[in-house]
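Chain by chain, the residues:
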Amino acid sequence: MKFVVWILLAVTCSATFADDPGSQLLKNLNPRALKSKKPSYIRISPEARYLLGRSCLKYRSLPQWRKIIEDAFNTGATCLKQRGSKQSLEIAAGVEGTAQLIGGKPLKFLCEEEGYSWKASNPRDETLQADAVATDPDNPHFPTIHMNPRKLARLSDADLQRILFHESIHLLGYGHFTHVEYSYSCEHCCFHSKEDSEEAQRLGCSICKGKYTGIKDPRYIDDIMQFFRKGLPAHADIRLAEAQSFMKGHRQERWAKFNVLLLSPLPDQAPFTIPYANLLEKKYTPLNDAESRVIKNIKTPENKVFAFLGGENIQHLANAFFFFYESDYKLAEKELMQAQVTDVKQVPATIRTRYVEHTVPFLETIKEEVAGGLLAYYSDLEFQAVAENKAEAQKNIYPHRQRIIRAFFPEWNPKFFPPFKKADDGTIIVMVDDNEVVRVPASP
Ligand SMILES: [Zn+2]
């Protein structure tokens, strides 16, 4: 039984990039996108392997579209074959033979609201360039690559090729962060443009080979972080945030505990990462090769020097973080209460500004993550106690929650995180400021 508060973050995708998988979900949930009349298509080639939405002709002639589409898939497939790995050869075969791979259905291209409204299918994402009806073969429009009519006029042929190639990889079932990141990496490997850095192509080609054990492989996490951070600096913030939230969702797992260090490699973060690395080393010895590499990567001489600046207070914070993800909530809370991250007296005056500007905000986010996690944990417990009519248990949990709010979220009304009450019909009433705000079933 879990009461989880979901926070939906609206992520705006950049103009030079294609879809994100979130819009897929929305689309599949959005009946308006599916019920409308059928689009009208024309064949691109005699064998009817590709069908083009009629309104695409507003933007390019039929021969122009034919050339863009064929070039996109030929260039992409040739480039993938050159990577030579088992995985890249498989994707190449998929991109080349999209028609066969998707159950003999022709691949369709849509440009305008021809019974398939961009607005209805992407209510959040006016800024996307295209998306692929990719991951759900049950969707009646599958397989379709849908291009945003508001963006189309401004895209060059080269842009379109990149986008179509990127989407064609989604059509094979590879999503962002649910699989190794093939769409972006192979796109930047195979369709190198002037705006792309050398790093984007080099790292893209390396990831595109897919020589990893999976998305939890620390070598993969390391490469994908580098790719977004160094290869695509203009878009690094969005993609890194996505990668980080993916890892955050797995932090109870051993691989993610170590990979926290990959997310935080800078010396400014060392007051936290070095003591945290020590805790991991102590607990998980013997480490496997990948874990040893992650630890070694953090324990550089420069990082070690910076680590001293944190002092004992930060050791408490590292402990709190460590124990929280070891599911030892009692100890995590005890340590968190002793963690003071803004005490900068021990930091030499010469680097105090740097410490305040870079280290303190980072430590604050770590602190908030643990405090927020504990709060969610206690809310879950309390919800469960109410659902099971355990009044005594509820009474014991309540002060923990209030204490965390007072210590770490002083700007909140302690009543904001609501007490729960059980209604006569068995549902749980969520109260805020003594008002009923929502009723939820006692068990999902
Ligand atoms: Zn994509």
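Procedures and definitions
Residues numbered from 1 in each chain as written. Predicted model: local features only at pLDDT ≥ 70, side-chain atom pairs only at ≥ 80, totals over all residues. Helix = DSSP H or I, 4+ residues; strand = E, 2+ residues; numbered from the N terminus. Buried ≥ 20, exposed ≤ 12 C-beta atoms within 10 Å, placed from the backbone. Contact = placed C-beta atoms within 7 Å. Axes fitted to C-alpha atoms, helices over the stretch in contact; angles between N-to-C directions. Parallel < 35°, antiparallel > 145°, perpendicular 65-115°, else oblique. Left-handed = near helix turned anticlockwise from the far one by under 90°. Nonpolar A, V, L, I, M, F, W, Y, C, P; charged D, E, K, R; others polar. Core = buried A, V, L, I, M, F, W, Y, C linked by C-beta atoms within 7 Å. Domains from an automatic or database assignment. Arc of directions from axis to C-beta. Pairing = 2+ DSSP bridges. pLDDT = per-residue confidence, 0-100. Expected span 1.5 Å × (residues − 1). Bend = angle between axes of the 7 residues up to and from the residue.

Each helix and strand in the protein was counted, giving 19 helices and eight strands. Taken over 444 residues, the protein has a buried fraction of 38%. Restricting to contacts in the protein with at least 6 residues of sequence separation, those with at least 24 account for 63%.

Following both chains from N to C, one finds helix 16 (residues 301-325) and helix 18 (residues 352-387) inclined at 30 degrees, their axes separated by 10 Å at the closest point. It follows that helix 16 is roughly parallel to helix 18 by the angle criterion. When the axes of helix 16 and helix 18 are compared, the crossing they make is left-handed. Where helix 16 abuts helix 18, its residues L309, I314, L317, A320, F321 and F324 lie against Y355, L363, I366, K367, V370, G373 and L374. Each residue belonging to the contact of helix 16 with helix 18 can be placed in one class, and the counts come to 11 nonpolar, one polar and one charged.

L317, A320, F321 and V370 are the most contacted members of the largest nonpolar core, which totals 92 residues. Structurally, this core is a two-domain feature, drawing no fewer than three residues from each of domain 1 (21-178) and domain 2 (256-401).

Looking now at helix 4 (residues 86-96). Burial in helix 4 covers these residues: S88, I91, A92, G94 and V95. Viewed end-on, helix 4 has its buried residues packed into an arc of 165 degrees, placing them on one side of the element.

Within a beta sheet, neighbouring strands are joined by backbone hydrogen bonds and run either parallel or antiparallel to one another. In space, the three strands of this open sheet follow the order 6-7-8, with antiparallel pairing throughout. Of all strands in the sheet, those bounded by a partner on one side alone are strand 6 (420-422) and strand 8 (435-440). When the angles between neighbouring strand axes are averaged without regard to direction, this sheet yields 35 degrees. In this structure, strand 7 (residues 428-432) lies alongside strand 8, joined through five bridges in antiparallel fashion. What sits directly across from I429, in strand 8, is R439.

Side chains of strand 2 (residues 50-53) alternate between two faces, with Y50 and L52 and L51 and G53 buried alike. Pairing between strand 1 (residues 41-43) and strand 2: three bridges, direction antiparallel. Opposite Y41, over in strand 2, you have G53 as the bridge partner. As consecutive antiparallel partners, strand 1 and strand 2 are separated by six residues, and within that stretch A48 has a phi angle of approximately 55 degrees, a positive value. Note that strand 2 and strand 3 (residues 107-110) share three bridges and pair parallel. Bridging from a neighbouring strand, L51 pairs with K108 of strand 3.

Quick look at the pairing of strand 3 now. In the sheet, strand 3 pairs with strand 5 (residues 144-147) via three bridges, with the strands oriented parallel. Opposite L110, over in strand 5, you have H146 as the bridge partner.

Where helix 3 (residues 62-83) meets helix 8 (residues 157-171), the closest approach of the two axes is 9 Å, and the angle between their N-to-C directions is 60 degrees. Regarding the angle of helix 3 to helix 8, the classification is oblique. Both helix 3 and helix 8 take part in a crossing whose hand is right-handed. Note on element contacts: helix 8 touches helix 3 through D157, L160, Q161, L164, F165 and S168, opposite I68, I69, D71, A72, F73, T75 and G76. Class assignment of the residues belonging to the contact of helix 3 with helix 8 gives a composition of seven nonpolar, four polar and two charged.

What follows deals with the environment of F109. In this fold, F109 is placed in strand 3. For F109, a count of 23 C-beta atoms within 10 Å gives the class buried. Sequence separation of F109 and Y50 is 59 residues, and the distance between their C-alpha atoms is 7.7 Å. Discounting residues that sit within four places of it in the chain, F109 has contacts with Y50, L52, G53, C56 and I145.

The next subject is the environment of S45. Tracing the chain through its elements places S45 in the loop between strand 1 and strand 2. You can call S45 exposed: it has 12 C-beta atoms within 10 Å. Remark: the alpha-carbon pair of S45 and P63, spanning 18 residues in sequence, is separated by 9.7 Å. Ignoring anything within four residues of it in the chain, the contact list for S45 reads Y50 and R66.

Where the model shows low pLDDT, its predicted coordinates should not be examined in detail. Scored by pLDDT, the protein comes out at a mean of 82, with 83% of its residues at no less than 70. Segment residues 1-36 is flagged for pLDDT under 50; beyond a separation of four residues in sequence, or across chains, it makes 68 contacts in the model.

What follows concerns unusual backbone geometry. Where the residue is not glycine, phi is negative for most of them; where a peptide bond is considered, it is trans in most cases. Cis peptide bonds are those with omega within 30 degrees of zero, and the linkage from T285 to P286 qualifies with 0 degrees. In this structure, P286 sits in the loop between helix 14 (270-284) and helix 15 (289-298). The residue N389 is not glycine, and still its phi comes out positive at about 55 degrees. Within the secondary structure layout, N389 lies in the loop between helix 18 and helix 19 (391-408).

Our next topic: helix 18. Its 36 residues place the ends of helix 18 50 Å apart at the C-alpha level, agreeing with the 52 Å of an ideal helix rising 1.5 Å per residue. The sharpest bend along helix 18 measures roughly 30 degrees and falls at T359, with the proline P361 sitting one to four residues further on. A positive backbone phi angle near 55 degrees is found at N389, which sits one or two residues after helix 18.

A few words now on the environment of L279. With respect to the helices and strands, the residue L279 is situated in helix 14. Separated by 44 residues in the primary sequence, L279 and F323 have C-alpha atoms spaced 9.6 Å apart. When residues no more than four places from it in sequence are discounted, the contact partners of L279 are A318, N319 and F322.

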